[in-house]
Amino acid sequence: MSTVGSLTPVPLPAAPDPAAPSPGVRRLRHLGPNWYATVMGTAIVASAGAALPGRALPRPALEAVWVLATAALVALLAARAAHWARHRDQAVRHLADPAVAPFYGCLAMALLAVGGATLSVGAGVIGEPAAVAVDAVLWSAGTVAGLVAAAGVPYLMVARHRVEPGTASPVWLLPVVAPMVSAALGPALVAHLPAGQPREALLLGCYALFGLSLLMTLLILPVLFSRLVHHGPLPLALTPTLFLVLGPLGQSTTAVNNLADAAPGAVGGPYPAAMTAFAVLYGVPVLGFALLWLAFATAMVVRAARSGMGFTMTWWAFTFPVGTCVTGAAGLARHTGLHALTWLAVALYAVLVAAWAVAAVRTAAGLVSGRLFAAPVPAPRAPAPTTARTR
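From a predicted model like this one, the values you see are computed outputs, not experimental measurements. (Residues numbered from 1 in each chain as written. Predicted model: local features only at pLDDT ≥ 70, side-chain atom pairs only at ≥ 80, totals over all residues. Heavy atoms only, no water.)

1. Here we look at the pattern of salt bridges
Next up, step 1: Under the criterion given, the structure shown has two salt bridges.
Next up, step 2: Taking the shortest distance from any N to any O, the salt bridge between Arg29 and Asp89 comes out at 2.8 Å. Placement of the pair is Arg29 in the loop between α1 (23-27) and α2 (36-51) and Asp89 in helix α4 (residues 88-96), with a sequence separation of 60 residues.
Next up, step 3: On the accessibility criterion, Asp89 (40% relative accessible area) is partly exposed.
Next up, step 4: Close ionic contact of Asp261 with Arg334 constitutes a salt bridge, the shortest N to O distance being 2.6 Å. In this pair, Asp261 is assigned in helix α10 (residues 246-262) and Arg334 in helix α12 (residues 320-336), connecting sequence segments 73 residues apart.
Next up, step 5: Given the relative accessible area of 41%, Asp261 is considered partly exposed.
Next up, step 6: Judged by its relative accessible area of 42%, Arg334 is partly exposed. (Salt bridge = Lys/Arg side-chain N within 4 Å of Asp/Glu carboxyl O. Helix = DSSP H or I, 4+ residues; strand = E, 2+ residues; numbered from the N terminus. Buried < 20%, exposed > 50% of the residue type's maximum accessible area, 1.4 Å probe, protein only.)

Following this line, the structure appears as structure tokens:
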């Protein structure tokens, strides 16, 4: 208490509350599962570059990207663990939110993407035996996580979530496309298993994952397109998610081509030839549809940009889905020998690298400023159906 000039007590500074979370922990409160998209988008820059016909890209550059993706995965796994430990209420709220819960599919795909890049790119750094071991662990963990997401998120949407009419989103594809990533990357492990039953089991298991994901995707796409037709364009912040539709298209094309490559060492009789034929007969039409959707999604993004679309983490949707089209086109080029497909893969890879560079720079700026750790602004409700649109 002061005794000079005043009889009013002077309050002492409050002692810091030892139970209060540190600023670093508070910044994690709004770190959602969507952040795993940064790992997916970075890892596929490395693996898609390695898949390009001719392997013309410098290996040190691809290896550097793989190291970055691996470091990002480790950092995010630790940050998300801290999020569940210190902000469990928010983590549970994420699961209860139909707009956020589908992003749990990104965890599975991040594990799978880094595992695949480790085997295709990282083997030159850590050696093939270590790369195979890392990929086996990450593929197994990612496949389990993907199956849980593919079954659990739709269950939550039906039994627990309140999904309003007109709110269908391409984000719904994230949990169901994760098994397709397993189907595309699993064949690389087939040759590292003992011949006979183990190889055949993994190969056919990947086909089962392919079918699981494909049929679920075919259920969702009509709902999504109906929402677009009857309720108009997505909110500006969500418009980049239209690129997510490319994910199951490009990844399924990649899967059938990789499975055809692995078939000769796993199954006998007429199956290897049939699987190669299926890879081309399935992959070419689906890649054609992917290019059509790419044009449509690009037009919608240009429209949104002219309306003032700013940067959000949804911009990472421009990376991984495009990367799956690169690997799909590269696989078709291998099996057909068609130069046009080789050039398509190269052109799409250039788009991928440009999109990744923009998203990475803007994300880094958001991390430095702290803006990306702020509470998200709720997306506006979908507009009421109209009979005509003026723009």
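2. Brief notes about helix α3 (residues 59-86)
Next up, step 1: With 28 residues, α3 should reach 40 Å at 1.5 Å per residue; the first-to-last C-alpha distance of 40 Å fits that figure.
Next up, step 2: Buried residues along α3 sit in contact with α2, α4, α5 (104-126) and α13 (339-369). (Expected span 1.5 Å × (residues − 1). Contact = heavy atoms within 4.5 Å.)

3. Structural notes on the nonpolar core
Next up, step 1: Ranked by internal contacts, the top residues of the largest apolar core, which has 115 residues, are Met109, Leu203, Phe243, Leu246 and Tyr349.
Next up, step 2: Here the element with the most residues in this core is helix α11 (residues 271-306); it accounts for 12 residues.
Next up, step 3: Each residue touching Leu203, except ones within four places of it in the same chain, is listed here: Val190, Leu259, Ala262, Ala263, Ala266, Val267 and Met275. (Core = buried A, V, L, I, M, F, W, Y, C linked by side-chain atoms within 4.5 Å.)

4. Considerations on the layout of surface pockets
Next up, step 1: For the second largest pocket, the calculated volume is near 680 Å³.
Next up, step 2: Taken together, 27 residues make up the lining of the second largest pocket; nearest its centre are Ala51, Ser120, Leu185, Ala188 and Asn258.
Next up, step 3: Contributing elements (two or more residues each) for the lining of the second largest pocket: α2, α5, α7 (173-185), α8 (187-190), α10 and α12.
Next up, step 4: Broken down by class, the residue content of the lining of the second largest pocket amounts to 16 nonpolar, seven polar and four charged. (1 Å grid on protein atoms, 1.4 Å probe; cavity = no way out; pocket = protein on both sides within 12 Å on 5 of 7 lines; lining within 4 Å. Points joined across faces, edges and corners; volume = space filled by probe spheres on them. Nonpolar A, V, L, I, M, F, W, Y, C, P; charged D, E, K, R; others polar.)

5. A few points about the packing of aromatic side chains
Next up, step 1: One pass over the full model with this rule turns up eight aromatic pairs.
Next up, step 2: On the numbers, 6.3 Å between centres and 85° between planes, the contact of Phe210 with Phe278 is edge-to-face. Taken as a pair, Phe210 in helix α9 (residues 197-231) and Phe278 in helix α11 lie far apart in primary sequence, 68 residues in all.
Next up, step 3: For Phe210, a relative accessible area of 6% corresponds to the buried category.
Next up, step 4: Of the aromatic side chains, those joined through ring pairs into one cluster are Phe243, Phe311, Trp315 and Phe318. (Phe/Tyr/Trp six-rings, centres within 6.5 Å; stacked < 30°, edge-to-face > 60°.)

6. Digging into empty space enclosed by the protein
Next up, step 1: Counting across every chain of the model gives one cavity of 30 Å³ or more.
Next up, step 2: Taken as a whole, the largest cavity encloses approximately 40 Å³ of empty space.
Next up, step 3: Leu246, Ala290, Leu291, Leu294, Val322, Cys325 and Leu348 are the residues that line the largest cavity.
Next up, step 4: When contributions to the lining of the largest cavity are tallied by element, the ones reaching two or more residues are α11 and α12.
Next up, step 5: In terms of residues, the lining of the largest cavity owes the most to one element, α11, which gives three residues.
Next up, step 6: For the lining of the largest cavity, the class distribution of residues is seven nonpolar, no polar and no charged.

7. Concerning the confidence of the model for the protein chain
Next up, step 1: When pLDDT is averaged along the protein chain, the result is 90, and 88% of the positions lie at 70 or above.
Next up, step 2: Low confidence marks residues 379-391, where pLDDT is under 50. Its contacts with residues over four positions away, or in another chain, come to 16 contacts. (pLDDT = per-residue confidence, 0-100.)

8. Topic: the environment of Ala91
Next up, step 1: Checked against the element boundaries, Ala91 lands in helix α4.
Next up, step 2: The class of Ala91 is buried, set by a relative accessible area of 0%.
Next up, step 3: Distance in space between the C-alpha atoms of Ala91 and Ala101 is 9.8 Å, their sequence separation being 10 residues.
Next up, step 4: Setting aside residues no more than four positions away along its own chain, Ala91 makes contact with His83, Trp84 and Tyr104.

9. Describing the side chain of Thr363
Next up, step 1: Mapped onto the secondary structure, Thr363 falls in helix α13.
Next up, step 2: One polar contact links Thr363 to Trp316, side chain to side chain, over a distance of 2.9 Å.
Next up, step 3: What Thr363 contacts, discounting residues up to four positions off in sequence, is Trp35, Phe311, Met313, Trp316 and Leu372. (Polar contact = N/O pair within 3.5 Å; in protein donor to acceptor, adjacent residues only side chain to side chain.)

10. Re the environment of Gly124
Next up, step 1: As for its placement among the helices and strands, Gly124 is situated in helix α5.
Next up, step 2: Taking the relative accessible area as the measure of exposure, Gly124 reaches 62% and is therefore exposed.
Next up, step 3: Put simply, Gly124 and Arg59 are 65 residues apart on the chain and 8.6 Å apart in space, counted from C-alpha to C-alpha.

11. Details of the packing of helix α6 (residues 128-159) against α7
Next up, step 1: Between α6 and α7, whose axes approach to 7 Å, the crossing angle comes to 150°. The angle between α6 and α7 falls in the class roughly antiparallel. For α6 against α7, the interelement crossing comes out left-handed. Along its contact with α6, which presents Trp139, Thr143, Gly146, Leu147, Ala149, Ala150 and Val153, the element α7 presents Pro175, Val176, Ala178, Pro179, Ser182 and Leu185.
Next up, step 2: Its residues assigned to classes, the contact of α6 with α7 shows 10 nonpolar, three polar and no charged. (Axes fitted to C-alpha atoms, helices over the stretch in contact; angles between N-to-C directions. Parallel < 35°, antiparallel > 145°, perpendicular 65-115°, else oblique. Left-handed = near helix turned anticlockwise from the far one by under 90°.)

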